[in-house]
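Structural overview
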Amino acid sequence: MLEAPPDDESSLSNSASLVSNGTIEHDGLRFRSRSEIKIYDALKKRNVLFFANATAVLGGKAVKREPDFLVCQNGKWGILEVMGDQYHPSNTAIRDHDRARLFKGYGLFCIEFFNATRCYNEPNEVVDDFLKLLSQATP
């Protein structure tokens, strides 16, 4: 039986802004959800370089965005996004895809979105799936 992430999602935000209410501290870092923490813990077990909730400054556009996880594996870079109804509701899907296109404009083409409930319940499988896709991506 799948378990829903135990978040007080009403106070959390992941709207591609750098200001978030209700962050959760874990391992000296701040996260927006327990699902992100599960992915963080799974990534820590892998031989990859990754950044959690790092601010990206898109030069020339004066735009800042904050991907959930920026991951480097064998010289290939990708973004893993944790998608929950409170963070990325379906009515903002266009905005999420526009945001992904911004990163693609800078040559970062592997951007994968994963359901927050699956991230919480199956973090190792999510990371396996993401790293497989990243390994297949063109650098």
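Quick note: structure is the one above.
Residues numbered from 1 in each chain as written. Predicted model: local features only at pLDDT ≥ 70, side-chain atom pairs only at ≥ 80, totals over all residues. Heavy atoms only, no water.

1. Observations concerning the packing of aromatic side chains
For clarity, the threshold we go by: Two aromatic rings, drawn from Phe, Tyr or Trp (for Trp, its six-membered ring), form a pair once their centres lie within 6.5 Å of each other, and the interplanar angle then sorts them: stacked below 30 degrees, edge-to-face above 60, tilted otherwise. Only protein chains enter the area calculation, which uses a 1.4 Å probe; residues under 20% of their type maximum are buried, those over 50% are exposed, and those in between are partly exposed.
Here the structure, examined in full by the defined rule, presents four aromatic pairs. Between Phe-31 and Tyr-40, the ring centres sit 5.1 Å apart and the planes meet at 55 degrees, which makes this aromatic pair tilted. Given the relative accessible area of 1%, Phe-31 is considered buried. Residue Tyr-40 is classed as buried on the basis of its relative accessible area, which comes to 7%. Pairwise contacts between aromatic rings join Phe-31, Tyr-40, Phe-50 and Phe-69 into one cluster.

2. Points about the pairing of strand β6 (residues 69-73)
This is how the line gets drawn: Secondary structure elements follow DSSP: runs of H or I no shorter than four residues count as helices, runs of E no shorter than two count as strands, and numbering proceeds from the N terminus. When DSSP finds two or more bridges between two strands, those strands count as paired.
Judged by how many residues are buried, β6 sits mostly within the fold: four of five residues are covered. Of the pairings in the sheet, the one linking β6 to strand β7 (residues 76-83) comprises five bridges and is antiparallel in character. Pairing of Gln-73 across the sheet is with Lys-76, part of β7. The turn linking β6 back onto β7 is made up of two residues, and Asn-74 within it adopts a positive phi angle of 50 degrees.

3. Regarding the sheet that holds strand β8 (residues 110-115)
Sheet strands line up and pair through hydrogen bonds in the backbone, either parallel or antiparallel. Note the following rule: In this analysis, axes come from line fits to C-alpha atoms, helices being fitted only over the stretch in contact, and the angle between any two N-to-C directions falls in the range 0 to 180 degrees. Note on definitions: a residue-residue contact is assigned when non-hydrogen atoms from the two residues lie within 4.5 Å.
Here we have four strands laid out as an open sheet, ordered β3-β6-β7-β8, and mixed in their pairing. Edge strands, defined here as strands with exactly one partner in the open sheet, are β3 (49-52) and β8. Averaged over all adjacent pairs, the angle separating strand axes in this sheet is 20 degrees, with direction ignored. Those strands touched by helix α2 (residues 93-104) are β7 and β8, and its axis lies near 150 degrees from that of β8.

4. Topic: α2
As a reminder of what qualifies: Multiplying 1.5 Å by the residue count of a helix minus one yields the expected span of that helix. Our arc is simply the arc of the directions from the helix axis toward the C-beta atoms.
Compared with an ideal rise of 1.5 Å per residue, which puts twelve residues at 16 Å, α2 spans 16 Å between its outermost C-alpha atoms and is within 8% of the ideal. Of the residues making up α2, those classed as buried are Asp-96, Arg-99, Ala-100 and Phe-103. Buried residues along α2 cover an arc of 100 degrees about the axis, so they all sit on one side. For α2, the secondary structure elements touched by its buried residues are β4 (56-58), β5 (63-65), β7 and β8.

5. Comments concerning unusual backbone geometry
Phi is positive for Asn-53, close to 50 degrees, though the residue is something other than glycine. Mapped onto the elements, Asn-53 comes out in the loop between β3 and β4. Judged by relative accessible area, which is 12%, Asn-53 ranks as buried. Here Asn-74, not a glycine, exhibits a phi torsion of approximately 50 degrees, which is positive. Within the element layout of this structure, Asn-74 appears in the loop between β6 and β7.

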